[in-house]
Amino acid sequence: INPADLRRLCRDDLAFAELQRLLSQLAHRSPAVESDFTPPQPRRELSVEQYRLQQAEAAAKLAETKYRSIFENAIEGIFQTTPAGRYLNANPALARIYGYDSPEELIASLTDIEHQLYVEPNRRQEFLHLIQTQGVVSDFKSQVYRRDGSIIWISESARIVYDEGRLLYFEGTVEDVTEQQRSQVALSHSQVALAQRERYLEALVEVQRRLLSLEHE
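All values reported here derive from a predicted model rather than from experimental measurement.

(A) Inspection of the pairing of strand β2 (residues 87-90) at higher detail. Judged from the three bridges that link them, strand β1 (residues 77-81) and β2 form a sheet pairing that is antiparallel. Bridge assignment links Thr 81 to a residue of β2, and that residue is Tyr 87. Taken together, β1 and the strand that follows it, β2, pair antiparallel across an intervening segment of five residues, in which Gly 85 is found at a positive phi of about 105 degrees.

Shown next, in the form of structure tokens:
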């Protein structure tokens, strides 16, 4: 600043001297002022929000990876079907249980679960009635056709998936229980045969008792 310009701005010499003293003090303090200056920082709220968003995205990706791993490597069949009876999704285990080479082939081939899958035509309707009245189905055993036409026993457990009150699809698992059913049938036959044998022996003992009774008369 030009001192002559400052002198014209002041009313008298005393005011001019006071202004020079203040300017001198500011000049001596200016380095400290500059050293204390901190550049504007980004809003902390924004950076925290971005961090939380990144954490949420990472957690979602990790959860999706874990779910996909479980879905692909599960021993049990996993499915998503529409109420109308079409497959939306299926895992490799379900494809193997039903005799298909891949989930994609299963989804493309099985387009009418009620008539293509179940041996008993009304079985799908029973499944729909149970899941729509109870919300879940557990250990629902049925005979179904495999791709090659052979028949196996399966056990289904499923639930309804909603979105804001709207039914989206059924989601559940399938287990091949053919061997268990065969074992139960064989056991049942054995039990029936054993009961028949016991009744036969009881009848035979009764006949012998009566014959002995007649001999003593």
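(B) Local environment of a nonpolar patch on the surface. Residues Tyr 200, Leu 201 and Leu 204 make up a contiguous nonpolar surface patch of roughly 300 Å² in combined accessible area. Assignment of secondary structure puts Tyr 200 in helix α8 (residues 178-216). Residue class for Tyr 200 comes out exposed when judged on its relative accessible area of 55%.

(C) Structural context of the nonpolar core. If you look at the biggest cluster of nonpolar residues, it comprises 25 residues, and the most contacted ones within it are Tyr 87, Leu 94, Tyr 98, Leu 106, Leu 117 and Phe 127. Secondary-structure elements contributing two or more residues to this core are β2, α4 (92-97), α7 (123-134), β3 (136-145), β4 (151-163) and β5 (166-176). Here the element with the most residues in this core is β4; it accounts for four residues. Beyond its immediate sequence surroundings of up to four residues, Leu 94 is in contact with Gly 77, Ile 78, Phe 79, Tyr 87, Leu 106 and Val 174.

(D) Broad picture of α7. When the terminal C-alpha atoms of α7 are compared, their 16 Å separation across 12 residues agrees well with the 16 Å that a helix rising 1.5 Å per residue should span. Taken together, the buried positions of α7 are Arg 123, Arg 124, Phe 127, Leu 128 and Ile 131. With its buried residues spanning 140 degrees around the axis, α7 presents them on a single face. In α7, the exposed positions that point more than 90 degrees away from the buried face belong to His 129, Thr 133 and Gln 134. The secondary structure elements touched by the buried residues of α7 are β1, α6 (113-116), β3, β4 and β5. Count one or two residues on from α7 and you reach Gly 135, which has phi positive near 85 degrees.

Scoring rules and cut-offs
Within any chain, residue numbers begin from 1 and follow the written order of that chain's sequence. Per-residue local features of the predicted model are confined to residues with pLDDT of at least 70, and side-chain atom pairs are confined, for both listing and counting, to 80 or more; whole-chain, interface and lining totals are unaffected and use all residues. Values reported for side chains reflect all heavy atoms of the structure, with hydrogen atoms and water molecules removed beforehand. The pairing criterion is simple: DSSP has to find at least two bridges between the two strands. A run of H or I in DSSP counts as a helix once it spans at least four residues, and a run of E counts as a strand once it spans at least two, with each numbered from the N terminus. Patch membership needs two things, relative accessible area over 30% and no salt bridge, and members are linked within 9 Å if like-charged or within 5 Å if nonpolar (Val, Leu, Ile, Met, Phe, Trp, Tyr). Using a 1.4 Å probe, accessible areas were evaluated by the Shrake-Rupley method; residue-level cover was limited to the displayed protein chains. Salt bridge criterion: a side-chain nitrogen from Lys or Arg within 4 Å of a carboxyl oxygen from Asp or Glu. Only protein chains enter the calculation, and the probe is 1.4 Å; a residue is then buried if its accessible area is under 20% of its type maximum, exposed if over 50%, and partly exposed in between. Definition of nonpolar core: a set of buried residues of the types Ala, Val, Leu, Ile, Met, Phe, Trp, Tyr and Cys, connected through side-chain atoms within 4.5 Å. Whether two residues are in contact is decided by their heavy atoms, any of which lying within 4.5 Å being enough. Working rule for helices: expected span equals 1.5 Å times residues minus one. The arc refers to the directions leading from the helix axis to the C-beta atoms.

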